[in-house]
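These are the residues of each chain, in order.
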Amino acid sequence: MTKAKTKGQKLAERRRRAMLEAAPVGLPELAPIPPRHKQPRHKGRFVRVGEDPRKVVLNKRCRDMGIAENRDNRRLMSLPMLEDHAGQVIYLEAKADADRLWQTFCRLDKVDAVYHARILGRSRHAKCGKIEFMPERLESRPDEATDHRSDEEKQRSAVNNWMRWHGFLGHLNASEQSAIWDGIYLRCEMHKGGKPTTRGRAFVAALRMLHVVSTRGK
């Protein structure tokens, strides 16, 4: 038993026959147009099926790291370290002590960000189409402790921490310090195709030296 054709199918067939009859003799037949997939419905209404944005981002990270786009690798790419370009090159170059180097990087990055916000009064990165706010906390998280310090105490702490970490950086030579700031401000490409670049390897080597200096005596 053959299935009856719908009105749309009959109309498309008539149009196709009309085009063939009107076409000049000798011209090849037009290529058939593939049918569209049925659009899903929800409660009688058409719905748009969109790709999960989180999956798109994680797949992009997999491609950047040179690994396959599968569930296990996407779970790996969701780690906080691998959300950052500097953290990715740390993972690629120093897998054995990647966690320790990442913690050192995060501490320096946080100190520098707080110093720029509270003392310099500006962001470290360019602002495009955004409204600048005063460096005050607008919301809190349950896992954060309430900071009861005064503004003067917060500013003094920001300066002291910034000077302390610059003292650690003073034990490194000029090229190592430049490599550290390359990673902090993302001034260059740290890895490509899943392999660290020359400047990426220099950044990890300098970060390893900074880790040794900053944890000396602890």
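Definitions and cut-offs
- Residues numbered from 1 in each chain as written.
- Predicted model: local features only at pLDDT ≥ 70, side-chain atom pairs only at ≥ 80, totals over all residues.
- Heavy atoms only, no water.
- Helix = DSSP H or I, 4+ residues; strand = E, 2+ residues; numbered from the N terminus.
- Buried < 20%, exposed > 50% of the residue type's maximum accessible area, 1.4 Å probe, protein only.
- Polar contact = N/O pair within 3.5 Å; in protein donor to acceptor, adjacent residues only side chain to side chain.
- Contact = heavy atoms within 4.5 Å.
- Salt bridge = Lys/Arg side-chain N within 4 Å of Asp/Glu carboxyl O.
- Patch = residues over 30% accessible without salt bridge, like charges linked within 9 Å, V, L, I, M, F, W, Y side chains within 5 Å.
- Areas by Shrake-Rupley, 256 points an atom, 1.4 Å probe, with all protein chains shown as cover.
- Lys, Arg positive; Asp, Glu negative; His and termini not counted.
- Charge placed at Lys NZ, Arg CZ, Asp CG, Glu CD.

A. The arrangement of the side chain of Q88 in detail. Along the polypeptide, Q88 turns up in helix α4 (residues 85-93). By relative accessible area, Q88 is classed as buried at 5%. Of note is the side chain of Q88, whose polar atom sits 2.7 Å from the side chain of H191. Aside from chain neighbours lying at most four places away, what touches Q88 is R61, M65, M81, L82 and H191.

B. Here's a closer look at the pattern of salt bridges. The final tally for this structure, using the stated rule, is seven salt bridges. Two residues, K60 and D64, come together in a salt bridge whose shortest N-O distance is 2.8 Å. Placement of the pair is K60 and D64 together in helix α2 (residues 53-65), with a separation of four residues, close to one helical turn. Take K60: its relative accessible area is 39%, and that puts it in the partly exposed class. Looking at D64, the relative accessible area reads 28%, which means it is partly exposed. Across the salt bridge formed by R187 and D182, the nearest N and O atoms sit 2.8 Å from each other. Classification of R187 as partly exposed rests on a relative accessible area of 46%. Accessibility expressed as a relative area gives 5% for D182, which makes it buried. A network of salt bridges, in which partner residues are shared, links D97, R100 and R208.

C. Layout of a positive patch on the surface. On the surface, a cluster of positive charge is contributed by K7, K10, R14 and R15. Here K10 shows up in helix α1 (residues 7-22).

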